[in-house]
Structure formats: C-alpha cells, structure tokens
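Breakdown of the fold
In case you want the letters, here they are:
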Amino acid sequence: MKANIEETPWNLQKIYRNKKLDAARKKGLEKLVPNDRVIELLETVLAPKDKVCIEGNNQKQADFLSECLSQCNGDVLNNLHILQSVLALPSHIDIFDKGIASKVDFSFAGPQALRLAKLVQQQKIQIGSIHTYLELYGRYFIDLTPNVCLITAHAADAEGNLYTGPNTEDTPAIVEATAFKSGIVIVQVNELVDS
C-alpha cells in the first residue's frame, strides 16, 4: 500500500529563490538596484521568518543595507531571524524594536548591548544563541543557512564580480553558505567598475 504523501521537489529552495527573484524582476528590480529602491527590493525578496545574515564585524558593516532594512514596513516584513556576528549599529537593533525581526543568533553586541538587553527584557527579541565567531560561521553551512544575506563590497562590475576590500573576515562564509543553499546575495557596493 502506498502512502498518500505529497512529494516535495528536491530543489524546493531553488524554486523559492526563483519566485522571489521573479517578483523583483516584475517590479523592474534587476541586478543593479538604485539606492532609492532598496527598501522595495528588501520587501520583495524577504519573507517573514526568513533567515537573514547582515554582514558586520569590527572593521566593516553593510551599514546602508542595514539602515534600509530598518526602514521596511513591519506589516509587510516581520519575524525575520537575523544572523550576525556583531550587533554594532543602531539599525541592527531598530529592526527588532520595529518588529521587522524577532530572533537573533550573534557573537557580540558591542555598543548595542544595553539596547539589546532592554529589548530582551521587553520580549521583543528572542536570542537563538550567542556563538563564537567560528561556530556562527560554521553553522551558516549547517542549520543557520541564510535565505538572504546583506553584504558589503568595495567594488563590483556589471557581471556581478566583487572586490570585497582588504577585510574579508566573514564575507566568504556568508556568501558561500547563502549561495550554496540557493539563497539571495544582496551587496552594498561603493564603486562600479568596468571589470
């Protein structure tokens, strides 16, 4: 007797990614997105409960993308699970205060530790775990794989090749884990170059 179980396609993550990218393309959001449409892009390709990695360490931050995420509409985008090595900027905590994100796995809170503690007391943030850097980066490939990552690079060309700058402490782990599981990589770029 056969069980009546609906089969799940082996490439479900890729199908989910392609639907998000198709929705962005229908809005005219292609590979190069102007600054004034980044919030629209985020609200299109992110979905409630997605795991989102925001690049940030002691030397470089995806600060523009983090600020844009903090300005998203909480009715459209909520209950995100944030994966981040360092919670350093006010916008990193604003997303929890506004209900855009509800859970975080991180390594270090730095200057935002007091705000983080207050929001934990108010039950606006659920802490998954506080990890060492190496543990967090390793778990990106196991059970904390980002659906979308927000990273920063010094330069990019039209093909999407990146020069991430002299500090690439966590960039490769974030991008490789996200791309390997058919996630979406969004890059804040300081300069566009020919090649």
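Our structure's up above, just so we're on the same page.
Residues numbered from 1 in each chain as written. Predicted model: local features only at pLDDT ≥ 70, side-chain atom pairs only at ≥ 80, totals over all residues. Heavy atoms only, no water.

1. A look at helix α2 (residues 38-45)
Of all the residues in α2, the buried ones are Val38, Leu41, Leu42, Thr44 and Val45. The buried residues of α2 all sit within an arc of 165 degrees when viewed along its axis, so they share a single face. The secondary structure elements touched by the buried residues of α2 are α1 (12-26), α3 (63-70), β5 (148-156) and β7 (184-192). (Buried < 20%, exposed > 50% of the residue type's maximum accessible area, 1.4 Å probe, protein only. Helix = DSSP H or I, 4+ residues; strand = E, 2+ residues; numbered from the N terminus. Arc of directions from axis to C-beta. Contact = heavy atoms within 4.5 Å.)

2. Description of the environment of Lys124
Turning to its location among the elements, Lys124 is positioned in the loop between α5 (113-121) and β4 (126-130). Between the C-alpha atom of Lys124 and that of Gln112, which follows or precedes it by twelve residues, the distance is 15 Å. One polar contact links Lys124 to Asp97, side chain to side chain, over a distance of 3.2 Å. (Polar contact = N/O pair within 3.5 Å; in protein donor to acceptor, adjacent residues only side chain to side chain.)

3. Digging into the nonpolar core
Burial of nonpolar side chains together is a common tendency in soluble globular proteins. If you look at the biggest cluster of nonpolar residues, it comprises 35 residues, and the most contacted ones within it are Leu42, Leu69, Leu80, Ile82, Leu150 and Ile186. The element that contributes the greatest number of residues to this core is α2, accounting for four residues. (Core = buried A, V, L, I, M, F, W, Y, C linked by side-chain atoms within 4.5 Å.)

4. Thoughts on the environment of Leu80
Within the fold, Leu80 resides in strand β2 (residues 80-86). Remark: the alpha-carbon pair of Leu80 and Ser102, spanning 22 residues in sequence, is separated by 5.9 Å. Those residues within four positions of Leu80 in sequence are excluded, and the remaining contacts are Leu46, Ala47, Lys49, Asp50, Val52, Leu69, Ile100, Ala101, Ser102 and Lys103.

5. Regarding the pattern of salt bridges
A complete count under the given rule lists eight salt bridges for this structure. Its salt-bridge partner being Lys20, residue Asp50 comes within 2.5 Å of it at the nearest N-O pair. Of the two residues, Asp50 sits in the loop between α2 and β1 (51-54) while Lys20 sits in helix α1, which places them 30 residues apart along the sequence. Across the salt bridge formed by Arg37 and Glu40, the nearest N and O atoms sit 2.9 Å from each other. Linked by salt bridges that have partners in common, Glu135, Arg139 and Asp143 make up one network. (Salt bridge = Lys/Arg side-chain N within 4 Å of Asp/Glu carboxyl O.)

6. What about the packing of aromatic side chains?
All chains considered together, the criterion is met by two aromatic pairs. Look at Tyr133 and Tyr137: their rings are 6.2 Å apart centre to centre, the planes differ by 35 degrees, and that puts the pair in the tilted class. Of this pair, Tyr133 and Tyr137 are both found in helix α6 (residues 133-139), four residues apart, which corresponds to roughly one turn of the helix. Considering the side-chain rings of Tyr137 and Tyr140, the 6.0 Å spacing of their centres and the 40 degrees angle between planes classify their relative orientation as tilted. Comparing Tyr137 with Tyr140 shows no difference in burial state: the two are buried. Ring-pair connections join several aromatic residues into one group, and the members of that group are Tyr133, Tyr137 and Tyr140. (Phe/Tyr/Trp six-rings, centres within 6.5 Å; stacked < 30°, edge-to-face > 60°.)

7. Some thoughts on the pairing of strand β3 (residues 101-108)
Bridge analysis of β2 against β3 gives six bridges, and the strand direction is parallel. Counted as the bridge partner of Leu83 is Asp105 from β3. On the question of chirality, the crossover connecting β2 to the parallel β3 by way of helix α4 (residues 90-97) is right-handed. (Pairing = 2+ DSSP bridges. Right-handed = clockwise from strand over helix to strand, strands pointing away.)

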